[in-house]
Amino acid sequence: MKQQVVTIAGGGSSYTPGIIQAILDNQNDFAVSEFRLYDIDAQRNDDMYTIIKWMLNKQRFNIGLTQTNDPEVAFTGADFVFSQIRVGGIEMRKVDEKVPLKYGLVGQETCGLGGFSYGLRTIGPMIELVGFVQRYAPDAWILNYTNPESIVAETIRRTYPKAKMLNACDMTISIETTLCENYGYDRKNWIQTYYGLNHFGWYKSIFDTSLGRDVMPEILDKLKAAPLKEPEFHRGDKFWAEAYAMMSTIVTDFPDNIPNNYLEYYLYPDAVVEQSDIEFTRADAVELGREKEIKETAQRIRETGRNGELNHDFGAHGQYIVDMAVSILNNLHRRFMLIFPNMGAIPNLRQDAVVEVPAYVGATGAEPISLRQPIPDMHKGMMEAQVAAEKLLVDAYFDHSYQKALEAFTLNQTFTSARKAKQVLDALIEANGDYWPELR
Ligand code: G6P
Ligand code: MN
């Protein structure tokens, strides 16, 4: 098999080592000749270059490594592009989380008005990025983790409908790994059926091939009996501990499906706001945690040439997206949750919604499955409203429309108040400055 050239867009991200390590662990199925780190932030890219160089040397890999902010250098000849950019960096993540909170609304990077703030910032750069790949590496696969995924997927559905791009999120695999760790199942035996929007969905069944039955009913009983504990790799992380525990709260009230933990922002926004601390949101925790560790580690390697190990475990994040690449390269038809234009996958939902459903991934890309049954009204109602809100937000970008943005904000499913929607929209226009298109 040809050795692959892999470009990581957003190379400076603290998730890069996890992706690279997963590729290094899979050299039999995914042989790589070169990694390229592409980032507009030269300092972060150089920190990551230093760490990855150290990883390659330490594990004695003879693989090329390039850092660049030039798209032509980054993409020409690339076979895979892993995209994980964060437009505006951690500073703007703080804005996304804190501005809505100031008005008593959910402050989160991908859900609620924070997600919409981040969305309007990300649409332009994502169109540019996919455009670069079309120009310099039209045959490359783009495996995308860039958030907010629903907004990104809706944008690329409109602008580059034929792009070789898979939009993925690691949340379902993280939930599944956590359930397995808590209750003693083996995820390798699972055939999961799930539907929703990104960070907004429900399991329909989890068939366990070793047990020969759907284990969702018994998992629901276990979730109701005691709060779900966070997985090993997030042990001691208060944010994730609360998020997983909330899954138990959700099933106490809505007992029929295992929920995505992110539904807490839509079902219990008031409780989430009460628990939030505007002085210390998730962005602050990430900055003082793994972001700081990356900076310090890079500096230590530069000064001493040693001690380049990172302390944090990367969880399933890197492995999941690398498994997708392996499945494409080796035509394995493994099953993943991915984000697609609906087109019948969820029969009773509008066809042009972007939805998250299972798909089989092979050499020609992904083949999503159809549920072939309607979803319940509660889920459908929530999804239809949220889809409309997301579409209005993308419309607002292309039409430079304040009105569309206001409608998107008002319809967002984390609250109901046109007055608050307008206040937060105006505050976010101010806070995002040139990151946002001009809204007239
Ligand atoms: C999960 C989600 C991602 C999200 C991340 C945030 O992995 O699927 O979409 O970006 O959590 O994690 P963080 O540690 O940065 O808060
Ligand atoms: Mn995600």
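Above: the structure in question.
A quick note: this is a predicted structure, and the numbers were derived from the prediction, not measured.

So, the coordination of the manganese ion (ligand 2)
- Coordination of the manganese ion (ligand 2) by the protein involves Cys-169 (SG) and His-199 (NE2), with metal-donor separations of 2.2 to 2.4 Å. A residue pair is termed long-range when its members are at least 10 positions apart, and Cys-169 in the loop between strand 6 (165–168) and helix 7 (171–183) and His-199 in the loop between strand 7 (190–197) and strand 8 (200–208) qualify at 30 residues.

Overview of a nonpolar patch on the surface
- Taken together, Ile-191, Phe-207 and Tyr-360 make up a surface patch of nonpolar side chains, about 230 Å² in accessible area.
- Relative accessible area serves as the criterion here: at 34%, Ile-191 is assigned to the partly exposed category.

Describing helix 5 (residues 112–136)
- Between its first and last C-alpha atoms helix 5 spans 35 Å; for 25 residues at 1.5 Å apiece the expected length is 36 Å, and the two agree.
- Burial of helix 5 is extensive: 20 of the 25 residues sit out of reach of the surface.

Section: the packing of helix 5 against helix 6 (residues 149–159)
- Where helix 5 contacts helix 6, the two axes come as close as 9 Å, and the packing angle between them is 40 degrees. Taken together, the axes of helix 5 and helix 6 lie oblique to each other. Seen along the crossing, helix 5 lies across helix 6 with a hand that is right-handed. Counting all contacts with helix 5, which are made through Phe-116, Gly-119, Thr-122, Ile-123, Met-126, Ile-127 and Val-130, the residues of helix 6 involved are Ile-151, Val-152, Thr-155, Ile-156 and Thr-159.
- Looking at the contact of helix 5 with helix 6 residue by residue, the classes come out as eight nonpolar, four polar and no charged.

Thoughts on the site of ligand 1
- Neighbouring ligand 1 are 13 residues; Arg-93, Asn-147, Asp-170, Arg-282 and Arg-290 lie closest to it.
- Arg-93 is positioned with one of its side-chain polar atoms (N or O) 2.8 Å from an oxygen atom of ligand 1.
- Here an oxygen atom of ligand 1 and a side-chain polar atom of His-199 are 3.2 Å apart.
- Top element by residues in the shell around ligand 1 is helix 12 (residues 282–304). It accounts for three residues.
- Residues of the shell around ligand 1, tallied by class, amount to six nonpolar, two polar and five charged.

Some details on the packing of aromatic side chains
- Inspection of the entire model under this criterion finds 15 aromatic pairs.
- Taken together, a centroid distance of 6.0 Å and an interplanar angle of 55 degrees make the contact between Phe-116 and Phe-409 tilted. Remark: Phe-409 occurs in helix 15 (residues 402–411) and Phe-116 occurs in helix 5; sequence separation between them is 293 residues.
- By relative accessible area, which is 3% here, Phe-116 ends up buried.

With respect to empty space enclosed by the protein
- Inspection of the entire model under this criterion finds two cavities of 30 Å³ or more.
- The calculated volume of the largest cavity comes to roughly 120 Å³.
- Along the walls of the largest cavity sit 17 residues, with Thr-110, Ser-150, Asn-198, Tyr-266 and Glu-390 positioned nearest its centre.
- The class makeup of the residues in the lining of the largest cavity is seven nonpolar, eight polar and two charged.
- One number sums up the size of the second largest cavity: a volume of about 60 Å³.
- Contributing to the lining of the second largest cavity are Thr-172, Ile-173, Glu-176, Arg-187, Gln-192, Tyr-320, Arg-335, Phe-336 and Met-337.
- For the lining of the second largest cavity, the secondary structure elements donating two or more residues are helix 7 and strand 10 (334–341).
- In terms of residue class, the lining of the second largest cavity is made up of four nonpolar, two polar and three charged.

What to know about the pattern of salt bridges
- A complete count under the given rule lists 29 salt bridges for this structure.
- With a shortest N-O distance of 2.7 Å, Asp-395 and Arg-158 are connected by a salt bridge. Here Asp-395, found in helix 14 (residues 377–399), pairs with Arg-158, found in helix 6; they are 237 residues apart in sequence, far enough to count as distant.
- Taking the relative accessible area as the measure of exposure, Arg-158 reaches 31% and is therefore partly exposed.

Brief notes about the layout of surface pockets
- Space inside the second largest pocket adds up to approximately 460 Å³.
- Surrounding the second largest pocket, 18 residues form its lining, Ile-173, Arg-187, Lys-188, Tyr-320 and Asp-323 being those nearest its centre.
- With four residues, helix 7 is the single largest residue contributor to the lining of the second largest pocket.
- Class assignment of the residues belonging to the lining of the second largest pocket gives a composition of seven nonpolar, four polar and seven charged.

Quick word on the packing of helix 1 (residues 16–24) against helix 13 (residues 317–329)
- Packing of helix 1 against helix 13 brings their axes to within 8 Å, and their N-to-C directions diverge by 50 degrees. On the basis of the axis angle, helix 1 is oblique to helix 13. With respect to the hand of their crossing, helix 1 and helix 13 are arranged in right-handed fashion. On the side of helix 1, the interface is formed by Gly-18, Ile-19, Ala-22 and Ile-23, while helix 13 contributes Gly-318, Gln-319, Ile-321 and Val-322.
- Of the residues contributing to the contact of helix 1 with helix 13, the split by class is five nonpolar, three polar and no charged.

Observations concerning the pairing of strand 3 (residues 64–68)
- Alignment of strand 2 (residues 32–38) against strand 3, held across five bridges, turns out to be parallel. Bridged to Arg-36 within strand 3 is Thr-66.

Brief notes about the pairing of strand 6
- Of the two faces of strand 6, the one holding Met-165 and Asn-167 and the one holding Leu-166 and Ala-168 are both buried throughout.
- Where strand 5 (residues 141–144) lies against strand 6, three bridges are found, and the strand directions are parallel. If you follow Leu-143 over to strand 6, its bridge partner there is Leu-166.
- The pairing of strand 6 with strand 10 spans two bridges and is classified as antiparallel. Looking across to strand 10, one finds that Ala-168 is bridged to Leu-338.

The rules behind the values
All residue numbers refer to position in the chain's written sequence, counted from 1. In the order they appear in the text, chains get letters beginning with A and ligands get numbers beginning with 1. Local features in this predicted model are restricted to residues whose pLDDT is 70 or higher, and side-chain atom pairs enter the listing and the counts only when it is 80 or higher, whereas totals over whole chains, interfaces and linings include all residues. Side-chain numbers come from the whole structure's heavy atoms, not from hydrogens or water. A donor here means any N, O or S atom no more than 2.8 Å from the metal (3.2 Å for Na, K and Ca); water is not included, so a site may seem to lack partners. Secondary structure elements follow DSSP: runs of H or I of four or more residues count as helices, runs of E of two or more count as strands, with numbering from the N terminus. The patch calculation keeps residues exceeding 30% relative accessible area without a salt bridge and links them within 9 Å when they carry like charges or within 5 Å when they are nonpolar (Val, Leu, Ile, Met, Phe, Trp, Tyr). Method for areas: the Shrake-Rupley scheme with a 1.4 Å probe, in which residue coverage is limited to the protein chains shown. We define a salt bridge as a side-chain nitrogen of Lys or Arg found within 4 Å of a carboxyl oxygen belonging to Asp or Glu. When a residue's accessible area, from a 1.4 Å probe over protein chains only, is under 20% of the maximum for its type it is buried; when over 50% it is exposed; and in between it is partly exposed. In a helix, the anticipated span is given by 1.5 Å times the number of residues less one. To obtain each axis, a line is fitted to C-alpha atoms, and for helices this fit is confined to the stretch in contact; angles are then taken between N-to-C directions over 0 to 180 degrees. Small angles under 35 degrees read as roughly parallel and large ones over 145 as roughly antiparallel, with 65 to 115 read as roughly perpendicular and the rest as oblique. Rotating anticlockwise by less than a right angle from the far helix to the near helix defines a left-handed crossing, while the corresponding clockwise rotation defines a right-handed one. Note on contacts: a residue pair qualifies if any of its non-hydrogen atoms lie within 4.5 Å across the two residues. Just so you know the grouping, Ala, Val, Leu, Ile, Met, Phe, Trp, Tyr, Cys and Pro go in nonpolar, Asp, Glu, Lys and Arg go in charged, and all remaining residues, Gly too, go in polar. Being near a molecule or strand, for a residue, comes down to having at least one heavy atom within 4 Å of it. In protein, a polar contact means a hydrogen-donor-capable atom and an acceptor-capable atom, both N or O and within 3.5 Å, with residues adjacent in sequence counting only if both atoms are side-chain atoms; elsewhere, any N or O pair within 3.5 Å suffices. Only centres within 6.5 Å qualify two rings of Phe, Tyr or Trp (six-membered ring in Trp) as a pair; their planes then separate them into stacked at under 30 degrees, edge-to-face at over 60, and tilted for everything else. Lining residues are defined by having an atom within 4 Å of a point belonging to a cavity or pocket. Those points lie on a 1 Å grid over the protein atoms alone, cavities being sets where a 1.4 Å probe fits but cannot get out and pockets being open sets with protein on both sides within 12 Å along at least five of seven lines. Grid points are joined across faces, edges and corners, and a volume is the space filled by probe spheres set on the points. DSSP bridges decide pairing: two strands pair if at least two such bridges lie between them.

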